[in-house]
Each structure stands twice: as structure tokens, then as C-alpha cells.
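# Observations on the model geometry
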Amino acid sequence: PSSHGKGGSGGIGRPSRMPTARDLWRSGVRLQASENGRAEIEFAQPTLWLPALVYDFKLATVARNLLVLEYDEEQSKPITRYFQMMNEIVEDAADVRILRRAGVVRGGQEVHELIKNIDSRAMYPSVYMAMDREIDKVREYHDNRMASFFVRTPPGVIWASSGAAISMAAVVASMRKRG
């Protein structure tokens, strides 16, 4: 299932939601792993740089502990917002495969479960404006691209419909010559 209906800019306290990895891929957003070691994302059209998430047996414990540390903070909550965003990007195993090919997720399929499990411990709303600004840029780019007929419609459909239109025009032209 696609997530076209799950998002848009919220208001205060409701950060913009990120399209799934599959939806981003369809709209031409290139996903790349960022190796700077920080929970920050950056969008430089058409590339979305995401922190690499390396799954191992320690990750769940470390992530939960970081979320607990952020719980009492009033302002910046980068780890919380990162896992919220990853939860939005990862809807199913196909999204994990796209992220794995991009190097953003490394490890087994367990990462899907981990993201869903960790996000359930994240406190909403997360206040991390730097990440929300980048997510808004990605959403705007994605929405503009998806509004384009050529992005929404697979090339095979365009060629098939063009071929059908040309065939129909040829039939009409031959009927006029006969008539």
C-alpha cells in the first residue's frame, strides 16, 4: 500500500510527515547515506542525505537510552525526530530494501521491526526544527514531482497510450479516404 494520503504539513506540534522510501524513489528522490555520525538529514535536490542506520544487537538498547535522555529536554530532540522520520519512510520490507540499496540501512530485515519498535517509545511531538525544515523541502519536491503526469505515469503506459492514439488516428484517416 502506498502512503500518498499520510502527510502534508501539519501545524504547530505536528511536523510534516515524510513519504515512504518507495514513494520518494518513484518521485525521483535519490537516497544516500551520510557518514557524518549525526542524526541530521539534508536535502540537496534530488538527493536526500540520511544518517546510516547500522543494525546490530546493541542498536536497540543504545537508541532506547538516547530517547530516554531526550525525553526531559525542552528543545532539540534529534534522535527522537530521526526515528519518527524513519518510521514514516519505512512502511514495509520494500522500503527497507530501497534504503539498504542506498546504504542508509545496513543489516538484516530486523531493522523494520526495530524502527517500528523504537518509534513507539518516541515522544510526540518532537521539536527539532532543523530536520523538519529538510523534511518540508523533501515533501515539497516529492509533491511537485508527483503532480507531474510523466512522473506519476509509468513510461510503458505513456508509450502504450501514444501507440493506441496513433493507431486510432490511422484508422480514422483510412476511413476518411474510403468515404
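From a predicted model like this one, the values you see are computed outputs, not experimental measurements.

### Some points on the environment of Arg-22
Residue placement: Arg-22 occurs in helix H1 (residues 21-26). There is a polar contact of 2.4 Å between the side chain of Arg-22 and the side chain of Asp-92.

### So, the layout of surface pockets
What the largest pocket holds in volume is close to 340 Å³. Lining the largest pocket are 17 residues, and of these Pro-51, Ala-52, Leu-53, Leu-59 and Tyr-82 sit closest to its centre. Residue assignment for the lining of the largest pocket shows that the elements contributing at least two residues are strand E4 (53-54), helix H2 (59-71) and helix H3 (78-89). No other element matches the four residues that H2 contributes to the lining of the largest pocket. By residue class, the composition of the lining of the largest pocket is 12 nonpolar, three polar and two charged.

### Side note on the sheet that holds strand E1 (residues 30-34)
The three strands lie next to each other as E1-E3-E2, forming an open sheet whose pairing is mixed. Each end of this open sheet is capped by a strand with a single partner; those strands are E1 and strand E2 (42-44). The mean angle between the axes of side-by-side strands here comes to 25 degrees, regardless of whether they run parallel or antiparallel. Bridge count for E2 against strand E3 (residues 47-51) is three bridges, and the pairing is antiparallel. Paired with Phe-43 across the two strands is Leu-48, which belongs to E3. Docked against the sheet, helix H6 (residues 129-147) engages E2 and E3, running at close to 40 degrees with respect to E2.

The rules behind these values
Residues numbered from 1 in each chain as written. Predicted model: local features only at pLDDT ≥ 70, side-chain atom pairs only at ≥ 80, totals over all residues. Heavy atoms only, no water. Helix = DSSP H or I, 4+ residues; strand = E, 2+ residues; numbered from the N terminus. Polar contact = N/O pair within 3.5 Å; in protein donor to acceptor, adjacent residues only side chain to side chain. 1 Å grid on protein atoms, 1.4 Å probe; cavity = no way out; pocket = protein on both sides within 12 Å on 5 of 7 lines; lining within 4 Å. Points joined across faces, edges and corners; volume = space filled by probe spheres on them. Nonpolar A, V, L, I, M, F, W, Y, C, P; charged D, E, K, R; others polar. Pairing = 2+ DSSP bridges. Axes fitted to C-alpha atoms, helices over the stretch in contact; angles between N-to-C directions. Contact = heavy atoms within 4.5 Å.

Everything listed is a geometric property; what it means functionally is a separate question.
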